[in-house]
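Fold and contact review
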Amino acid sequence: MVNGRGGVVLDRLRVCFDDERAVANAGLLLPATVAARLGIEELVDETVDLAGRPGGVRPGRKVLTLAHAMQLGADSIDDCDLLRCGRTELVLGHGVLAPSTLGTFLRSFTFGHVRQLDRVLAEALRRAWQAGAGPGSERLVIDLDSFVGEVHGYNKQGAAYGYTRELGYHPLLATRAGTDETLHVRLRKGSANTQRGAERFVDELLARVRRAGAGGEILLRADSGFWNKKITAKLRTKGCLYSIGVRLTKPVAAAIEAIPEEAWQRLDDYPETGEAEIAETTLGDDRLIVRRVRILDAQPQLFATWQHFAFISNRSEPLELVEKEHREHATIELVIRDLKDQALRHFPSGRFNANAAWTVIACLAHNLLRWSELLGLPEQHRRRARTLRRRLLALPGRLTRTARRWTLHLPSGWPWQNDYLAALGRIRALPAPG
């Protein structure tokens, strides 16, 4: 079967699916061990009460089955079948349920059950932060945004056309800057205004991170969709800092127009294709910080046309620092991309509450993957979910048993085997749940 160059003749290579000890994605051992150390299965069993409803028995293993499949990129219920091949179940530490059972389980959720599942996400966050992933007394930077989760078909309860003119849902999302953890999520119907439910969402969010152990300063960043006097008043009352984008209404435009020309400062870190300057004034009790931008064409403009981007803040740091850190709010789009690259590419059910449960589980799955990196490889640069999946999860393996001990054999020469073993060692060193 070997050709003249030392390779295998591909057409003569026999293929058969008969290895019952093979594990297609053996790297799942990492997030599965994190879930075990945090006691996720027991937590779900204690918190989510679906007694008497179809598929309501032992919800913990059903949630973990969905979460582990999502970490591999599953965006439909049928995709969860990939966990049932070979001996994958043994590296997960729990039973793996069939897609039909998982679909019945999701359809059993009501709004109240989704809120119970939301408490699981909050408690898992607290346990992970206590294990070493949290900010402690350091500053916590929270990014708040909404996005459109596109759906297809007309039998999606709650789906509607929103400001993007796409059929879908319009969830609220809060993430932690620097680690990309999802702190809070709430699925809304597609036609919901950006600010719908935002005040209560922020209230729950702040209480959640404080309970989880965030003892330092909190900075919340958001775009102009969340510009609301009630939200800023609540943040001031709770002692939080904020920088929130504003729309160019007449009062804002008038305040920008009144800024003297000599007050504008050039930004040196802006790309050479354009020019940007910043300045500040006041809007009520807040600082109004403005960035104006124009494109430098090959032929100079006769009259300079500036685009203005403004936000309010109650911070007292220098203008350059506040403006620079507010621009970093855009990194939440990377988290949204990660979520859509995994489970939230689709919303698989026709029922709204089933999709709401799917959304919360997607964020739990995302966090388990993030905590695998934060707790296992704390000194390394944060990587995107797709990179982690390729390097640490998509590992083919084979299980053998000798003298009553299982051994997971992984490919020799794997480029990231040192990272994998280091992460697994650190995660296994975490205390087991009491």
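From a predicted model like this one, the values you see are computed outputs, not experimental measurements.

1. Brief notes about the overall build of the protein chain
Secondary structure assignment for the protein chain yields 14 helices and 15 strands. What you see for the protein chain is a C-alpha radius of gyration of 25 Å, in line with the 22 Å of a compact globule of 434 residues. When the backbone C-alpha atoms are referred to their principal axes, the protein chain occupies close to 80 × 65 × 45 Å. Out of the 434 residues belonging to the protein chain, those deemed buried represent 51%. Pairs at least 24 residues apart make up 66% of the contacts formed inside the protein chain by residues separated by at least 6 positions. Put simply, the protein chain shows about 21,100 Å² of open surface, and 50% of that area lies on carbon and sulfur atoms.

2. Overview of the packing of helix α1 (residues 29–38) against helix α12 (residues 352–376)
Where α1 meets α12, the closest approach of the two axes is 9 Å, and the angle between their N-to-C directions is 95 degrees. Here α1 is positioned roughly perpendicular relative to α12, judged by the angle of their axes. Residues L30, P31, V34, A35 and L38 of α1 touch α12, and the partners they reach there are L368, W371 and S372. Grouping the constituent residues of the contact of α1 with α12 by class yields seven nonpolar, one polar and no charged.

3. Focus: helix α13 (residues 385–393)
The complete set of buried residues in α13 reads A385, T387, L388, R389, L392 and L393. Structurally, α13 contributes buried residues whose contacts are with α1, α3 (59–71), α11 (332–341), α12 and α14 (417–428).

4. Brief notes about the sheet that holds strand β3 (residues 149–150)
Taken in spatial order, the three strands of this open sheet run β3-β5-β4, and their pairing is antiparallel. Among the strands making up the open sheet, the edge pair consists of β3 and β4 (160–161). Both β3 and strand β5 (residues 167–169) contribute to a ladder of two bridges, which runs antiparallel. The partner of G149 across the bridge, within β5, is Y169.

5. Here's the deal with the sheet that holds strand β11 (residues 274–283)
Pairing in this open sheet of nine strands is mixed, and the strands run β7-β6-β2-β8-β9-β13-β12-β11-β10 from one edge to the other. In this open sheet, the two strands that pair with only one neighbour each are β7 (182–186) and β10 (265–266). Lying over the sheet, helix α10 (residues 319–327) contacts β8 (218–222), β9 (241–246), β10, β11, β12 (286–295) and β13 (307–313), oriented at roughly 70 degrees with respect to β12.

6. Concerning the pattern of salt bridges
According to the stated counting rule, one finds 38 salt bridges in the structure shown. Residues D118 and R208 are paired through a salt bridge, measuring 2.9 Å at the closest nitrogen-oxygen approach. Linking D118 in helix α6 (residues 111–133) with R208 in helix α7 (residues 198–212), this pair joins segments that are 90 residues apart in sequence. Accessibility classification places D118 together with R208 in one group, the buried group. When salt bridges that share partners are traced, they join R115, D118, R186, R200, E204 and R208 into one network.

7. Description of empty space enclosed by the protein
Scanning the entire structure with this criterion turns up two cavities of 30 Å³ or more. Estimated volume of the largest cavity: approximately 70 Å³. E373, L377, Q380, R383, T387, L388, R391, L392, W416 and D419 together form the lining of the largest cavity. Looking at which element gives the most residues to the lining of the largest cavity, the answer is α13, with four residues. Classifying every residue of the lining of the largest cavity by side-chain character gives four nonpolar, two polar and four charged. Space inside the second largest cavity adds up to approximately 40 Å³. Taken together, L30, L369, S372, E373, L388, L392 and L393 make up the full set of residues lining the second largest cavity. Of all the secondary-structure elements, those providing two or more residues to the lining of the second largest cavity are α12 and α13. Here the lining of the second largest cavity is built from residues that sort into five nonpolar, one polar and one charged.

8. Let's talk about the packing of aromatic side chains
If you walk through the whole model with that rule in mind, you get four aromatic pairs. Between Y169 and F347 the ring centres are 5.2 Å apart and the planes differ by 70 degrees, which places this aromatic pair in the edge-to-face class. Here F347 lies in the loop between α11 and α12 and Y169 lies in strand β5, a separation of 178 residues in the sequence. Comparing Y169 with F347 shows no difference in burial state: the two are buried. With a centroid separation of 5.7 Å and an interplanar angle of 65 degrees, the aromatic rings of Y169 and F352 are classed as edge-to-face. Here F352 lies in helix α12 and Y169 lies in strand β5, a separation of 183 residues in the sequence. Like Y169, the residue F352 is buried in the burial classification. Joined through ring pairs, the aromatic side chains of Y169, F347 and F352 make up one cluster.

Calculation notes
Residues numbered from 1 in each chain as written. Predicted model: local features only at pLDDT ≥ 70, side-chain atom pairs only at ≥ 80, totals over all residues. Heavy atoms only, no water. Helix = DSSP H or I, 4+ residues; strand = E, 2+ residues; numbered from the N terminus. Rg over C-alpha atoms; globule rule 2.2 N^0.38 Å. Buried < 20%, exposed > 50% of the residue type's maximum accessible area, 1.4 Å probe, protein only. Contact = heavy atoms within 4.5 Å. Areas by Shrake-Rupley, 256 points an atom, 1.4 Å probe, with all protein chains shown as cover. Axes fitted to C-alpha atoms, helices over the stretch in contact; angles between N-to-C directions. Parallel < 35°, antiparallel > 145°, perpendicular 65-115°, else oblique. Nonpolar A, V, L, I, M, F, W, Y, C, P; charged D, E, K, R; others polar. Pairing = 2+ DSSP bridges. Salt bridge = Lys/Arg side-chain N within 4 Å of Asp/Glu carboxyl O. 1 Å grid on protein atoms, 1.4 Å probe; cavity = no way out; pocket = protein on both sides within 12 Å on 5 of 7 lines; lining within 4 Å. Points joined across faces, edges and corners; volume = space filled by probe spheres on them. Phe/Tyr/Trp six-rings, centres within 6.5 Å; stacked < 30°, edge-to-face > 60°.

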